[in-house]
Amino acid sequence: MSQAEPPSNIQPHGWQPVENVLDLAALEQELGRRPSPSQIRAALPRGLVLDEDGLHVRTDRRILMRHSWVLVTSLIVFGGASLWLFQDTLPGGWKGVGRLLGLVAILALAGGLVGPMITRALLSRQQ
């Protein structure tokens, strides 16, 4: 297999040699030895993962990449708790179903906009 072609089980989109993304020589000099695959994974930019061969990187296509699962879980838990707490305030029938769907849409919109901003702020504070 040449380095110009991705393996058959990997989509070509986002696939590239690890040398295009990281300076492995500088990383080796910094560590004093050849970096392990876990150290290479830690040094990769967000959104890229090390391929199984250890020589290539590809875009991370997982839905809940890294810390996003915390935000999604929080939205589900706190949204469900708030709906349970306020279920008596909703009107009955289709009007209540419509209002409930509207509240869920507002919650999803707020989580989709505010959640990533909070995550970026927390991650930038760590660096």
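Each remark here, short or long, concerns the structure printed above.
How each quantity is defined
- Residues numbered from 1 in each chain as written.
- Predicted model: local features only at pLDDT ≥ 70, side-chain atom pairs only at ≥ 80, totals over all residues.
- Heavy atoms only, no water.
- Pairing = 2+ DSSP bridges.
- Helix = DSSP H or I, 4+ residues; strand = E, 2+ residues; numbered from the N terminus.
- Polar contact = N/O pair within 3.5 Å; in protein donor to acceptor, adjacent residues only side chain to side chain.
- Patch = residues over 30% accessible without salt bridge, like charges linked within 9 Å, V, L, I, M, F, W, Y side chains within 5 Å.
- Areas by Shrake-Rupley, 256 points an atom, 1.4 Å probe, with all protein chains shown as cover.
- Salt bridge = Lys/Arg side-chain N within 4 Å of Asp/Glu carboxyl O.
- Buried < 20%, exposed > 50% of the residue type's maximum accessible area, 1.4 Å probe, protein only.

Asker: Can you lay out the sheet that holds strand β3 (residues 56–59) for me, pointing to particular residues and giving the numbers?
Answerer: Across the sheet, 3 strands lie side by side as β1-β3-β2; this open sheet has antiparallel pairing. For this open sheet the edge positions go to β1 (16–17) and β2 (48–50), each flanked by a neighbour on one side alone. Here β2 runs beside β3; their pairing, made up of 3 bridges, is antiparallel. Pairing of Leu48 across the sheet is with Thr59, part of β3.

Asker: How would you sum up the side chain of His56? Please name residues and give values.
Answerer: Secondary-structure assignment places His56 in strand β3. For His56, the side chain forms a polar contact with the side chain of Asp53, separated by 2.6 Å.

Asker: So what about a nonpolar patch on the surface? Which residues, and what values?
Answerer: Taken together, the side chains of Leu109, Leu113, Val114, Met117, Ile118 and Leu122 define a hydrophobic patch exposed on the protein surface, amounting to about 570 Å² of accessible area. Of note, Ile118 is situated in helix α4 (residues 93–126).

Asker: Which residues make up the pairing of β3, and what values do they have?
Answerer: Bridge count between β1 and β3: 2 bridges; the pairing is antiparallel. What sits directly across from Gln16, in β3, is Val57. As consecutive antiparallel partners, β2 and β3 are separated by 5 residues, and within that stretch Gly54 has a phi angle of approximately 75 degrees, a positive value.

Asker: Provide a residue-level description of the pattern of salt bridges, including the pertinent values.
Answerer: Oppositely charged side chains can pair when the atoms bearing their charge come close. Enumeration over the complete set of coordinates arrives at 2 salt bridges. A salt bridge links Arg58 to Asp51; the shortest N-O distance between them is 3.3 Å. For Arg58, a relative accessible area of 23% translates into the label partly exposed. A salt bridge links Arg58 to Glu52; the nearest nitrogen and oxygen atoms lie 3.6 Å apart. Given a relative accessible area of 63%, Glu52 falls into the exposed group. Ionic contacts of the salt-bridge type, sharing partners, join the residues Asp51, Glu52 and Arg58 into one network.

Any link to function would need more than the numbers given here.
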